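Here are the chains, one letter per residue:
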Number of protein chains: 2
Amino acid sequence: MATSSAEINIRPATPDDCPEIMRLIMELAIFEKLPEQVKMTVDVLRKDCFGEKPLCYCIVAEPVQTESPDLIGYALYFSTYSTWEGAALHLEDLYVTPAFRGKGIGKRLWKHVTKDGLERGCNRLQLSVLGWNTHAKDLYLRNGCIDLTETEDWHLMRMKRNTMEAFVKDLL
Amino acid sequence: MATSSAEINIRPATPDDCPEIMRLIMELAIFEKLPEQVKMTVDVLRKDCFGEKPLCYCIVAEPVQTESPDLIGYALYFSTYSTWEGAALHLEDLYVTPAFRGKGIGKRLWKHVTKDGLERGCNRLQLSVLGWNTHAKDLYLRNGCIDLTETEDWHLMRMKRNTMEAFVKDLL
């Protein structure tokens with residue numbers, strides 16, 4: 001591909017982008033070696049991103065000079081909260097398809113997310129990265145992220161829906 | 001203290017609770033050995049929790065038979081999103097003041113948060129815990145949480161506001 005970074009457009013996602021975003025979500029999950037964890041569908045994504053109460057924000061990257069509707073990257077993020085610093089932003093997914101890597105598109109997407117966060121009054125931006133994904137980890141560290149798992153020993157914990165249901169049985 | 005768990009009431013927080021919640025936020029930050037990271041004030045907390053666009057939800061624990069307005073614990077949480085599983089919940093703070101520990105109050109607060117998450121259609125509940133805080137970590141693991149930092153090598157990354165501002169300078 002001879003496409004330079006300047007020929008890539010970054011714009012807010014629209015409901016019509018959802019099938020393409022869903023394709024990229026699957027690409028990312030396969031790259032992260034956890035594709036079996038994906039339960040998302042295009043319809044659920046469309047409702048969650050563009051319904052009455054949007055649960056997240058999404059921007060996409062596409063080549064400017066092409067008739068193809070193919071998206072080549074996306075960033076999906078949402079507002080969170082810190083009792084120590086107030087409004088915050090969480091970058092859930094940042095992905096560029098392999099043929100377009102090394103052109104700074106991921107960094108451009110990330111910058112647009114960060115700018116949006118600042119405009120929303122956010123005092124921090126957080127994300128989770130797989131430790132073995134050194135390319136992504138280095139990008140984050142090189143641009144000023146702190147690895148809190150390394151520096152402060154924070155661990156990420158998850159309870160899944162079936163466990164949540166079992167946990168509150170005596171409250172229902 | 002002879003107060004049993006049955007004499008503790010769990011209820012949604014109100015704007016009037018904010019000074020007490022702020023006191024407990026400081027207690028928790030000191031316990032976590034990171035008090036210098038707390039930039040929160042009672043006024044900001046009140047606006048963020050109970051303003052036009054609430055950024056988070058909060059429930060509190062208090063003794064039933066007392067005239068004292070002292071809260072003894074709180075849980076603060078918010079909605080998030082997973083591109084793999086959809087709507088999710090993040091438990092930001094779960095805290096019980098030392099004199100009332102060992103009575104299951106933390107677990108009751110956590111159950112109420114989990115129940116609220118299920119009612120909001122959440123498919124997972126996540127939280128971050130300090131690795132050295134074995135008491136909290138064991139509570140979470142014992143009740144069905146998975147330590148994703150251990151099992152999948154997820155690291156938590158953070159960019160602070162001054163770094164965010166520097167990062168997007170060429171976009172402004």
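Residues numbered from 1 in each chain as written. Chains lettered and ligands numbered in written order. Predicted model: local features only at pLDDT ≥ 70, side-chain atom pairs only at ≥ 80, totals over all residues. Heavy atoms only, no water.

An unreviewed UniProt entry lists chain A under the name N-acetyltransferase domain-containing protein, with Lymnaea stagnalis as the source organism. Its UniProt record gives chain A the following Sequence similarities (unreviewed entry) comment, quoted word for word: "Belongs to the acetyltransferase family." (UniProt positions renumbered as here; feature names shortened; annotations may be inferred.)

Caption draft 1: The arrangement of the pattern of salt bridges in detail. All told, the structure shown has 24 salt bridges over all chains when counted by the stated rule. For the salt bridge of Glu27 of chain B with Arg23 of chain B, the shortest nitrogen-to-oxygen distance reads 3.1 Å. Of this pair, Glu27 of chain B and Arg23 of chain B both sit in helix H1 (residues 18–31), four residues apart, roughly one helical turn. Looking at Glu27 of chain B, the relative accessible area reads 23%, which means it is partly exposed. A salt bridge links Glu119 of chain B to Lys115 of chain B; its shortest N-O distance comes to 3.2 Å. A residue pair is termed a helical-turn pair when its members lie 3 or 4 positions apart in one helix, as Glu119 of chain B and Lys115 of chain B do in helix H3 (residues 105–119) at four residues. Looking at Lys115 of chain B, the relative accessible area reads 23%, which means it is partly exposed. Here the salt bridges do not stand alone but share partners, grouping Arg11, Asp17 and Glu62 of chain A into one network. (Salt bridge = Lys/Arg side-chain N within 4 Å of Asp/Glu carboxyl O. Helix = DSSP H or I, 4+ residues; strand = E, 2+ residues; numbered from the N terminus. Buried < 20%, exposed > 50% of the residue type's maximum accessible area, 1.4 Å probe, protein only.)

Caption draft 2: Local environment of the interface of chain B and chain A. Chain B puts 75 residues into the contact, and the matching count from chain A is 75 residues. Where chain B abuts chain A, roughly 7600 Å² becomes buried across the two surfaces, and 64% of that area is made up of carbon and sulfur atoms. Summed over the three residues of chain B that lose the most area to chain A, namely Tyr81, Trp84 and Met157 of chain B, the buried surface amounts to 14% of that side. In this structure, the connection of chain B to chain A is made through two salt bridges. Residue Asp170 of chain B pairs with Lys111 of chain A through a salt bridge whose shortest N-O separation is 2.9 Å. In terms of residue count, H3 of chain B provides more of the side of chain B that touches chain A than any other element does, eight residues in total. Its residues assigned to classes, the side of chain B that touches chain A comprises 36 nonpolar, 19 polar and 20 charged. (Contact = heavy atoms within 4.5 Å. Buried area = accessible area lost by both parts, 1.4 Å probe. Nonpolar A, V, L, I, M, F, W, Y, C, P; charged D, E, K, R; others polar.)

Caption draft 3: How the structure looks around the UniProt feature "domain: N-acetyltransferase" (unreviewed entry) in chain A. When the UniProt feature table is mapped onto this chain numbering, "domain: N-acetyltransferase" (unreviewed entry) sits at residues 8–162 of chain A. Helix makes up 34% of residues 8–162 of chain A and strand makes up 32%, while its end C-alpha atoms are separated by 42 Å.

Caption draft 4: Broad picture of the relation of the copies chain B and chain A. When chain B is fitted onto chain A, the two copies agree to an RMSD of 0.0 Å after a turn of 180° and an axial shift of 0.0 Å. These values place the two chain copies in the arrangement generated by a two-fold rotation axis. An overlap of 100% is found between the interface residues of chain B and their copies at the interface of chain A, pointing to a shared contact surface. (Least-squares fit on C-alpha atoms with pLDDT ≥ 70 in both.)

Caption draft 5: Structural detail: the sheet that holds strand E2 (residues 57–63) of chain B. The strand order E1(B)-E2(B)-E3(B)-E4(B)-E5(B)-E7(A)-E6(B) describes an open sheet built from seven strands, whose pairing is mixed. What marks the edges here is a single partner per strand, and that holds for strand E1 (8–12) and strand E6 (146–147) of chain B. Summarising the sheet, strand E7 (residues 154–160) of chain A and strand E5 (residues 124–130) of chain B pair through seven bridges and their orientation is antiparallel. Among the inter-strand pairings, Trp154 of chain A is bridged to a residue of E5 of chain B, identified as Leu130 of chain B. (Pairing = 2+ DSSP bridges.)

Caption draft 6: Main features of the layout of surface pockets. Taken as a whole, the second largest pocket spans an internal volume of roughly 960 Å³. Along its surface, the second largest pocket is lined by 28 residues, and Pro54 and Ser79 of chain A together with Pro54, Tyr57 and Ser79 of chain B are the ones closest to its centre. Counting residues per element, the ones that place at least two in the lining of the second largest pocket are strand E3 (73–82) and strand E4 (86–96) of chain A together with helix H2 (42–50), strand E3 (73–82) and strand E4 (86–96) of chain B. Split into classes, the residues belonging to the lining of the second largest pocket amount to 16 nonpolar, five polar and seven charged. (1 Å grid on protein atoms, 1.4 Å probe; cavity = no way out; pocket = protein on both sides within 12 Å on 5 of 7 lines; lining within 4 Å. Points joined across faces, edges and corners; volume = space filled by probe spheres on them.)

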